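Structural description and commentary
Chain by chain, the residues run as shown.
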Amino acid sequence: MRLLVKIVLILNSSFLILNYIEAQPLKQVQKFTHADTLRGTYGPSRDWWDVQRYDLDVQFNIVDSTISGNNVILIKSIKKGGLLQIDLQEPLILDVCITTFDDPRIEKRSNPWPIKAEVIKKEGNAYFLKIHPAFIDLKTNKPFYLNIYYHGKPTIARRPPWDGGLIWKKSKDGSPFVSVACQGLGASVWYPCKDHQSDEPDNGASITMTYPDTLTGVANGRLVKEEKSNGLKTTTWEVISPINNYNLVPYIGKYVHFSEVYKGEKGNLDMDYWVLEENLEKAKKQFADAAKMMKAFEYWFGPYPFYKDGYKLVEAPHLGMEHQSAVAYGNKFQNGYLGRDLSGTGWGMKWDFIIVHESGHEWFANNITSKDIADMWVHEGFTNYSETLFTDYWFGKKAGNEYCIGTRKGIQNDIPIIGPYNVNQEGSGDMYPKSGNMLHTIRQVINDDEKFRQILRGLNKDFGLQTVTTEQIEKYINKKKQN
Ligand SMILES: [Zn+2]
């Protein structure tokens, strides 16, 4: 996500003119700070350990916009290392870090050996912890738990999903409507983690959220537990697949639910839809595009990557984001991009942009993730092109071509598409339409749609559930196009 379009409403005597400005202006020459390097580099305090799993447990205090909780991180040491870097963005406060061999979420402890991990230094949002050497056993390779307690009043997102933070809104009936958007800014805006895209929790993650019991909480993957007590509800959702930090998010609101079972390439896929009560009827009609999306993308990209975690569309208090297996939807139940066609050809009004684009990311962003956000074109270029492929699948090749060519008017040619590496900085907004059109060009050069399709499917198979670089993608396409 982080879409290219800012819509500016200009009130002109008797009617509204919709104007749009492509891309966010990025400075040509940017100075990066030590904090950018700590955030964006896979440095010596990050590269010796591998995240196996995150289990988050957070209370959302709607009255004062605060949160409090803990994140249990299962860690495997992969080489000899020094300090361990944990990211948590101010103004959140890190309380205490405890290491154990046993899962701290389970009462019974066979090995009662919790040891506090001291914060040796703090540099901005990065905490450097000293881990007791007993936990770093490269011979047995036994993983350990790092349980981090924290609390505070996290940054509020002012323009989600373009900036990041907590979103504390209300639905029409006055009920709280809470979520998070944090792509780019990073998940450490609301929970402590290794905030770098290249290390996903290999065994998945869970979110346990506590909130007023009149509401419903939804998150990634599947519902595993729900309890009520003293006016509060505690709900746990879990994904078993690796997941990007920024994709792991809660949704809390006055939700209702409907679902369907999709017969896909890998069998039955649960497709679940969570929308605010007030929008149920509209959603039942509009979300017909979800199954159409699934059909088109399984054809072009291969099986949906997360059958075990299911697919969900969840109404969000912002436009949309590719949250894995719980795609955020806020396109107001209409076709186009907030009712507009980004290609100017008419084809973009035939389908719901947010359902198609954000779900396209399940293959490119969630299944195949770039290691550095400088390579974000891998997410946005292929997903931009997924819009063309969706149009092609349902309306024919000519329609797809017209749509793709139509999006060229959004190309700025301002700065490079690939951003500077190791400082958590993405490149030009051209990563959307220009990368999409580059893929369209590659398709013409290959001049064999079946071969092109097999390359797209091959990328998802061979790089599935992995993090990659631009170079890997380029080499792969070059090799396969010659076969
Ligand atoms: Zn996107």
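Conventions we followed
Residues numbered from 1 in each chain as written. Predicted model: local features only at pLDDT ≥ 70, side-chain atom pairs only at ≥ 80, totals over all residues. Helix = DSSP H or I, 4+ residues; strand = E, 2+ residues; numbered from the N terminus. Expected span 1.5 Å × (residues − 1). Buried ≥ 20, exposed ≤ 12 C-beta atoms within 10 Å, placed from the backbone. Domains from an automatic or database assignment. Contact = placed C-beta atoms within 7 Å. Nonpolar A, V, L, I, M, F, W, Y, C, P; charged D, E, K, R; others polar. Pairing = 2+ DSSP bridges. Axes fitted to C-alpha atoms, helices over the stretch in contact; angles between N-to-C directions.

With that settled, consider helix 3 (residues 288–301). With 14 residues, helix 3 should reach 20 Å at 1.5 Å per residue; the first-to-last C-alpha distance of 20 Å fits that figure. If you check which residues of helix 3 are buried, you get Asp289, Ala290, Met293, Met294, Ala296, Phe297, Trp300 and Phe301. Two residues or fewer after helix 3 comes glycine 302, characterised by a positive phi angle close to 100 degrees.

Attention shifts here to the domain arrangement of the chain. Interface size is often expressed as the accessible area that is lost when the parts come together. What the domain assignment lists for the chain is domain 1 (5–28 + 335–482) and domain 2 (43–252). Each of domain 1 and domain 2 has a C-alpha centre, and the two are 31 Å apart. The partner domain 2 presents eight residues to the nine residues of domain 1 that form the contact. Of the residues assigned to the side of domain 1 that touches domain 2, the class counts are two nonpolar, four polar and three charged.

Glancing now at the sheet that holds strand 4 (residues 66–77). Pairing is mixed across the open sheet formed by eight strands, whose spatial order is 7-6-10-4-3-13-16-15. Looking at the sheet topology across the chains shown, the edges are occupied by strand 7 (115–116) and strand 15 (222–229). Sheet topology places strand 4 next to strand 10 (residues 144–152); nine bridges connect them, and they run antiparallel. Bridging across to strand 10, serine 68 finds its partner in histidine 151.

Note: strand 5 (residues 84–87) against strand 9 (residues 126–130), four bridges, orientation antiparallel. Counterpart to leucine 84 in the pairing with strand 9 is leucine 129. Here strand 8 (residues 118–123) folds back onto strand 9 in antiparallel fashion, the turn holding two residues, of which glycine 124 has a positive phi close to 65 degrees.

This part is about helix 4 (residues 353–360). For helix 4, a buried count of eight out of eight residues is recorded, marking the element as mostly surrounded by other parts of the structure. Along helix 4, the residues that are buried comprise Phe353, Ile354, Ile355, Val356, His357, Glu358, Ser359 and Gly360.

Below, the discussion takes up the sheet that holds strand 9. If you walk across this open sheet you meet the three strands as 5-9-8, and the pairing is antiparallel. Of all the strands in the sheet, just strand 5 and strand 8 have a single pairing partner and so form its edges. Neighbour to neighbour, the strand axes of the sheet diverge by 30 degrees on average, direction disregarded. Pairing of strand 8 with strand 9, which is carried by five bridges, proceeds in the antiparallel orientation. Across the sheet, lysine 122 pairs through a bridge with tyrosine 127, a residue of strand 9.

Moving on: the pairing of strand 12 (residues 176–181). A large share of strand 12 lies buried, amounting to five of its six residues. Sheet topology places strand 11 (residues 165–170) next to strand 12; six bridges connect them, and they run antiparallel. The residue bridging glycine 165 from the neighbouring strand is alanine 181, located in strand 12. Between the antiparallel neighbours strand 11 and strand 12 lie five residues, among them glycine 174 with a positive phi of about 90 degrees. Two strands pair when backbone bridges link them, and strand 12 and strand 17 (residues 251–253) are joined in this way by two bridges, in the antiparallel orientation. Each bridged residue has a counterpart across the sheet, and for valine 178 the counterpart in strand 17 is isoleucine 252.

This part covers the environment of isoleucine 75. With respect to the helices, strands and loops of the structure, isoleucine 75 is situated in strand 4. Given 21 C-beta atoms within a 10 Å radius, isoleucine 75 is considered buried. Considering only alpha carbons, one finds isoleucine 75 and glycine 43, 32 residues apart in sequence, at a separation of 17 Å. Contact partners of isoleucine 75, with chain neighbours within four places excluded, come to Trp49, Val51, Gln52, Pro143, Phe144 and Leu146.

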